[in-house]
Amino acid sequence: EAAVTQSPRNKVTVTGGNVTLSCRQTNSHNYMYWYRQDTGHGLRLIHYSYGAGNLQIGDVPDGYKATRTTQEDFFLLLELASPSQTSLYFCASSHRGRTEVFFGKGTRLTVV
Amino acid sequence: TQTVSQSDAHVTVFEGDSVELRCNYSYGGSIYLSWYIQHHGHGLQFLLKYYSGNPVVQGVNGFEAEFSKSDSSFHLRKASVHWSDSAVYFCAVSANYNQGKLIFGQGTKLSIKP
């Protein structure tokens, strides 16, 4: 089974702070995704990537940057964190964009 | 605009009961429909998917879902639930040209009474 590992699992930062969320997948999937999960909204796609060096804009990209440095590693960057970005963030991966997507355990981010 | 609607935020049943979790979608073009389960404190796990063919698809742990084009629905069912089925269930839709780019419903929390 594909393994998707996120770090940190919990993070607290101040408004205006700089945060990087990390994700590594070890099943050679080429597609990777960042979602945020908020009560009443389900999961919403922030950014995704087809492979190393590629970045695609998702449905809620404002305030986020992302970078895919290798096949395995996908990072989400919040350069000026705001309280509205307090959320549960999930990284996920899939093979060639297939509908069976494998999720990490999530990173809970709190911006105070 | 693609939308997925799960009308029930919370469903409670007794262990051994049958359950149906509802999902309706609005999407133009060829799509994949899928269901995911999220146990408390964990990420989402794939249950099943539908693209074409038999409108009833089987998933893991006795779950099945039925596609209806006329109703724009993809409801999830289980004949006899177990306490371990307590979780949040998400319905999702994706275009056939980018199956992994999922649009999720709001989720339905399934609680099982002993």
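Coordinates for the structure precede this section.
All values derive from a computational prediction rather than experimental measurement. (Residues numbered from 1 in each chain as written. Chains lettered and ligands numbered in written order. Predicted model: local features only at pLDDT ≥ 70, side-chain atom pairs only at ≥ 80, totals over all residues. Heavy atoms only, no water.)

A.B. asks: Can you help me understand the packing of aromatic side chains in this one?
C.D. replies: The geometry of an aromatic ring pair is captured by two quantities: the separation of the ring centres and the angle between the planes. If you walk through the whole model with that rule in mind, you get 20 aromatic pairs over all chains. Ring geometry for Phe90(A) against Phe103(A): centres 6.4 Å apart, planes inclined by 80°, an arrangement best described as edge-to-face. In this pair, Phe90(A) sits in strand 9 (residues 87-94) while Phe103(A) sits in strand 10 (residues 102-103), placing the two residues 13 residues apart along the sequence. Relative accessible area serves as the criterion here: at 0%, Phe90(A) is assigned to the buried category. A relative accessible area of 11% places Phe103(A) in the buried class. Where Tyr36(B) meets Phe104(B), the ring centres are 5.9 Å apart and the plane angle is 65°; that geometry is what we call edge-to-face. Of the two residues, Tyr36(B) sits in strand 5 (residues 31-38) while Phe104(B) sits in strand 11 (residues 103-104), which places them 68 residues apart along the sequence. Each of the two residues, Tyr36(B) as well as Phe104(B), counts as buried. (Phe/Tyr/Trp six-rings, centres within 6.5 Å; stacked < 30°, edge-to-face > 60°. Helix = DSSP H or I, 4+ residues; strand = E, 2+ residues; numbered from the N terminus. Buried < 20%, exposed > 50% of the residue type's maximum accessible area, 1.4 Å probe, protein only.)

A.B. asks: Sorry, what's going on with the interface of chain A and chain B here?
C.D. replies: In many reports, interface size means the accessible area that the parts give up when they come together. On the side of chain B, 20 residues touch chain A, which itself brings 23 residues to the contact. Carbon and sulfur atoms make up 53% of the surface buried where chain A meets chain B, a total of about 1700 Å² over both sides. Ranking the residues of chain A by area buried against chain B places Leu43(A), Thr99(A) and Phe103(A) at the top, with a combined share of 33%. On the surface where chain A and chain B come into contact, there are one salt bridge. Among the salt bridges present, the one from Lys101(B) reaches Asp59(A), with a minimum N-O distance of 3.6 Å. The interface formed by chain A and chain B contains three residue pairs in polar contact (both at pLDDT 80 or more). Elements with a contribution of two residues or more to the side of chain A that touches chain B: strand 4 (31-38), strand 5 (42-49) and strand 9 of chain A. Classifying every residue of the side of chain A that touches chain B gives ten nonpolar, eight polar and five charged. (Contact = heavy atoms within 4.5 Å. Buried area = accessible area lost by both parts, 1.4 Å probe. Salt bridge = Lys/Arg side-chain N within 4 Å of Asp/Glu carboxyl O. Polar contact = N/O pair within 3.5 Å; in protein donor to acceptor, adjacent residues only side chain to side chain. Nonpolar A, V, L, I, M, F, W, Y, C, P; charged D, E, K, R; others polar.)

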